[in-house]
Amino acid sequence: MSAGQAPRPVCVADDAELFDVAEAIAAEWAAVGVRGSFLARHIDTGEQLGFGVDASVPLASVVKVPLALVALDRIATGELDAARPVVVDPATSSVGPTGLAAFRHPATVAVGDLLLLMLSVSDNASADTLFDLVPVDEVDARLRAWGCTGLRVRHRLNRMYECAAGAAGNDFSLALELAIRDDHSGRHTIETLDPAHANAGTATGLVDLLQRVWRDEIAHPGASAELRRLMGRQVFTHRLASELRTDTLRVSGKTGTFLHLRHEIGVVESEVGDRVAMAALTRSDRRANLAPDIDLAIGAGARRAFEALRR
């Protein structure tokens, strides 16, 4: 390996053919300057392929999926009312470009609709309002009680922006520069980009969670069913679903984007019954807010993996 060259990720697969697919996806990511983790698993056969699957990574908005599951479980067991109205004031809510976070005036929204906004348009204000009702420590404890290894929930969504502002003020370019520099050095100026302090997870832990949700093997069955429905309402289809948009496939997912992180987890389902859970967790050295080629590389990898794993 030449100086400065990133090490090749360790691939995992159930046979030589799937291993070749994992290597090809890793090479495609490297070609567009992406490092990270990828895992795809057929929910019913258990066959899988991927690379870097046990690396812990800051989750950004992907953390909204376990938050939703815990909140939905409380709703399904009668501990929380989905119709309960909550006032969200933009003056005190979380930073974000979508949903209630982009509002200019206070709004009253039911708990069930906060969940919809959080998962469909990745609304940070809805997420942190839900964290007011289902605290961070409770979400983390419930995941551990359910045996969800490889996942940690440690802070609200707005904490990411507070830490970035603390390190770089209002200079997004500087925050991005720090994130990239620190990713290579392992010394994190922005605390919520440090896997030891961030909401963090592994590709294996996330795919395990999705598999259990899709098989009704975690939480109340009503909670997992509603989580599947809400993830199917996601508006953003530029990553995992970008090469899987057909009338015969359904993609249910959740993106996560912050500084140099571009993630998505989700499940691809075919009309003949194939169900493949995926986690794509990426970091790049791109000093840009938009990187459509990286999003498309995630989508190309998802298509390759689904085609390799479908029966």
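The structure under discussion appears in the preceding block.
Throughout what follows, the structure given in this document is the object of discussion. Nothing here was measured: the structure is a model prediction, and the numbers come from that model.

1. A word on the overall build of the protein
Part 1 of the reasoning: Secondary structure summary: the protein contains ten helices and eleven strands in total.
Part 2 of the reasoning: Relative to the compact-globule value of 19 Å for 311 residues, the protein shows a C-alpha radius of gyration of 19 Å, a close match.
Part 3 of the reasoning: When the backbone C-alpha atoms are referred to their principal axes, the protein occupies close to 55 × 50 × 35 Å.
Part 4 of the reasoning: Put simply, of all contacts in the protein between residues at least 6 apart along the chain, 69% involve residues at least 24 apart.
Part 5 of the reasoning: Within the structure as shown, the protein displays about 13100 Å² of accessible surface, and the carbon and sulfur contribution to it stands at 50%.
Part 6 of the reasoning: Side-chain charges of the protein comprise 33 positive and 41 negative groups, with the mean position of each set lying 2 Å from the other.

2. Re the environment of Pro66
Part 1 of the reasoning: Examined against the element boundaries, Pro66 turns out to sit in helix α2 (residues 64–76).
Part 2 of the reasoning: Measuring from C-alpha to C-alpha, the distance between Pro66 and Leu206 comes to 9.2 Å, with 140 residues separating the pair along the chain.
Part 3 of the reasoning: Residues in contact with Pro66, not counting those within four places in the same chain, are Val139, Leu143 and Leu209.

3. Thoughts on the packing of aromatic side chains
Part 1 of the reasoning: Evaluated as defined, the whole model comprises four aromatic pairs.
Part 2 of the reasoning: Their ring planes at 80° and their centres at 5.3 Å tell us that Tyr161 and Phe258 sit as a pair that is edge-to-face. Of this pair, Tyr161 sits in helix α6 (residues 158–168) while Phe258 is found in strand β9 (residues 249–258), placing the two residues 97 residues apart along the sequence.
Part 3 of the reasoning: An aromatic cluster of at least three residues, connected via ring pairs, comprises Trp29, Phe38 and Phe51.

4. Remarks on the pattern of salt bridges
Oppositely charged side chains can form a pair if their charged atoms are brought close together.
Part 1 of the reasoning: Going through the model one piece at a time under the given rule, you end up with 26 salt bridges.
Part 2 of the reasoning: Its salt-bridge partner being Glu79, residue Arg74 comes within 3.9 Å of it at the nearest N-O pair.
Part 3 of the reasoning: Given the relative accessible area of 13%, Arg74 is considered buried.
Part 4 of the reasoning: Residues joined in a network through salt bridges with shared partners are Asp73, Arg74, Glu79, Glu138 and Arg142.

5. Overview of the sheet that holds strand β10 (residues 261–270)
Part 1 of the reasoning: Spatially, β1-β3-β2-β11-β10-β9 is the arrangement adopted by the six strands of the open sheet, whose pairing is antiparallel. Strands at the two margins of the open sheet, each flanked by one partner only, are β1 (11–13) and β9. The mean angle between the axes of side-by-side strands here comes to 10°, regardless of whether they run parallel or antiparallel.
Part 2 of the reasoning: Bridge analysis of β1 against strand β3 (residues 48–51) gives three bridges, and the strand direction is antiparallel. In the sheet register, Ala13 faces β3, and the bridge partner there is Leu49.

6. Quick notes on helix α4 (residues 124–133)
Part 1 of the reasoning: Buried residues dominate α4, accounting for nine of its ten residues.
Part 2 of the reasoning: Three or more residues of α4 are buried, namely Asn124, Ala125, Ser126, Ala127, Asp128, Thr129, Leu130, Phe131 and Leu133.
Part 3 of the reasoning: Of the surrounding elements, those touching the buried residues of α4 are α2, β5 (85–88), α3 (111–120), α5 (136–145) and α6.
Part 4 of the reasoning: Where α4 begins, the capping side chain belongs to Asp123, and its oxygen is found 3.1 Å from the backbone nitrogen of Ala125.

Criteria and thresholds
Residues numbered from 1 in each chain as written. Predicted model: local features only at pLDDT ≥ 70, side-chain atom pairs only at ≥ 80, totals over all residues. Heavy atoms only, no water. Helix = DSSP H or I, 4+ residues; strand = E, 2+ residues; numbered from the N terminus. Rg over C-alpha atoms; globule rule 2.2 N^0.38 Å. Contact = heavy atoms within 4.5 Å. Areas by Shrake-Rupley, 256 points an atom, 1.4 Å probe, with all protein chains shown as cover. Lys, Arg positive; Asp, Glu negative; His and termini not counted. Charge placed at Lys NZ, Arg CZ, Asp CG, Glu CD. Phe/Tyr/Trp six-rings, centres within 6.5 Å; stacked < 30°, edge-to-face > 60°. Salt bridge = Lys/Arg side-chain N within 4 Å of Asp/Glu carboxyl O. Buried < 20%, exposed > 50% of the residue type's maximum accessible area, 1.4 Å probe, protein only. Pairing = 2+ DSSP bridges. Axes fitted to C-alpha atoms, helices over the stretch in contact; angles between N-to-C directions. Polar contact = N/O pair within 3.5 Å; in protein donor to acceptor, adjacent residues only side chain to side chain.

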